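Now for the letters of each chain:
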Amino acid sequence: LKHSNKTKLVDKDLKFIIVDDKYKIIYCAIPKVSSTTWKRVLGDLRGLDKNIKRIHSRDKWRWLSQYTEEERLTRSKTYFKFLFVREPLHRLLSALVPEIFKFENWIKHANEMTDDVIHSTHCYIEYIKRAILANLHPRPLELGKLLFI
């Protein structure tokens, strides 16, 4: 498999792509786009525990990165491939809203450390920016293009 910029994909590029050999399915699990729901559905097919914390355990799944280059190519040509996308603003809000609800605790903590509310608010905004960037994972969308070209 090659990325659109013609460089060979490495294992870390494939960390979002789940393979089910029994059902001949390849699923690109994009965070904040119903990946938990779809992992549960795939887990039901395989008889896995529905516990939300364990369903995200990497050892529960076979990942495309675990196959040889030849096996990856064969599977990408013969298996049913799917992914889901989400309207970008809704995805952003999904990543942002849980962090916003921490605002009250953040302000209390910031006010205990300093009386400078402007500084505290600036720190909170920086914290939110980092949280958004950490939670959006744009890479899987790029990788999904590979499977469907």
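The structure contained in this document is the topic of the report that follows. (Residues numbered from 1 in each chain as written. Predicted model: local features only at pLDDT ≥ 70, side-chain atom pairs only at ≥ 80, totals over all residues. Heavy atoms only, no water.)

### With respect to the sheet that holds strand β2 (residues 25-28)
In step 1: Strand order in the open sheet made by the four strands is β3-β1-β2-β4, with mixed pairing throughout. Because the sheet does not close on itself, it has two edges, and the strands there are β3 (62-63) and β4 (80-83).
In step 2: Pairing analysis gives four bridges linking strand β1 (residues 17-20) to β2, with the strands arranged antiparallel. Across the sheet, the residue bridging to Val 19 is Ile 26, located in β2.
In step 3: Strand contacts of helix α1 (residues 35-46): β1, β2, β3 and β4, with the helix running at about 160 degrees to β2, the strand carrying the most contacts. (Pairing = 2+ DSSP bridges. Helix = DSSP H or I, 4+ residues; strand = E, 2+ residues; numbered from the N terminus. Contact = heavy atoms within 4.5 Å. Axes fitted to C-alpha atoms, helices over the stretch in contact; angles between N-to-C directions.)

### What about the layout of surface pockets?
In step 1: Quantified by volume, the largest pocket comes out at close to 160 Å³.
In step 2: Lining the largest pocket we find Lys 15, Phe 16, Ala 29, Ile 30, Pro 31, Lys 32, Ser 35, Lys 39, His 56, Arg 58 and Trp 63. (1 Å grid on protein atoms, 1.4 Å probe; cavity = no way out; pocket = protein on both sides within 12 Å on 5 of 7 lines; lining within 4 Å. Points joined across faces, edges and corners; volume = space filled by probe spheres on them.)

### Structural notes on the pattern of salt bridges
In step 1: With the rule as written, the count across this model stands at two salt bridges.
In step 2: Residue Arg 75 pairs with Asp 21 through a salt bridge whose shortest N-O separation is 2.8 Å. One end of the pair, Arg 75, is in helix α3 (residues 69-78); the other, Asp 21, is in the loop between β1 and β2, with 54 residues separating them in the sequence.
In step 3: With a relative accessible area of 29%, Asp 21 lands in the partly exposed category. (Salt bridge = Lys/Arg side-chain N within 4 Å of Asp/Glu carboxyl O. Buried < 20%, exposed > 50% of the residue type's maximum accessible area, 1.4 Å probe, protein only.)

### Concerning the environment of Leu 93
In step 1: Here Leu 93 is to be found in helix α4 (residues 88-100).
In step 2: Spatially, the C-alpha atom of Leu 93 lies 9.5 Å from that of Lys 32, the residues being 61 residues apart in sequence.

### A look at the packing of aromatic side chains
Here a ring pair, both rings aromatic, is described through the centre-centre distance and the interplanar angle of the planes.
In step 1: Taken as a whole and assessed by the stated rule, the structure comprises five aromatic pairs.
In step 2: Geometrically, the ring pair formed by Tyr 27 and Phe 82 is stacked, given 4.9 Å between the ring centres and 25 degrees between the ring planes. Placement of Tyr 27 in strand β2 and of Phe 82 in strand β4 is noted, with a sequence separation of 55 residues between them. Per residue, the accessibility class of Tyr 27 equals that of Phe 82, and both read buried.
In step 3: An aromatic cluster of three or more residues is present, and its members are Tyr 27, Trp 38, Phe 80, Phe 82 and Phe 84.
In step 4: In this structure, Arg 58 packs its charged tip against the face of Trp 63, placed 3.8 Å from the ring centre.
In step 5: The ring of Tyr 67 carries Arg 62 above its face, with NZ or CZ at 4.3 Å from the centroid. (Phe/Tyr/Trp six-rings, centres within 6.5 Å; stacked < 30°, edge-to-face > 60°. Lys NZ or Arg CZ within 6 Å of the ring centre and 35° of its normal.)

### Thoughts on α1
In step 1: Helix length check: α1, at twelve residues, gives a terminal C-alpha distance of 16 Å against a target of 16 Å (1.5 Å per residue), a fit within 8%.
In step 2: All of the buried residues in α1 are Ser 35, Lys 39, Leu 42 and Gly 43. Seen end-on, α1 carries its buried residues on one side only, within an arc spanning 105 degrees.
In step 3: One or two positions beyond α1, positive phi appears at Gly 47, with a value near 75 degrees. (Expected span 1.5 Å × (residues − 1). Arc of directions from axis to C-beta.)

### Points about α3
In step 1: Taken residue by residue, α3 has Arg 72, Arg 75 and Ser 76 as its buried positions. Axial view of α3: buried residues confined to an arc of 100 degrees, hence all on one face. In α3, the exposed positions angled more than 90 degrees off the buried face are occupied by Glu 70, Lys 77 and Thr 78.

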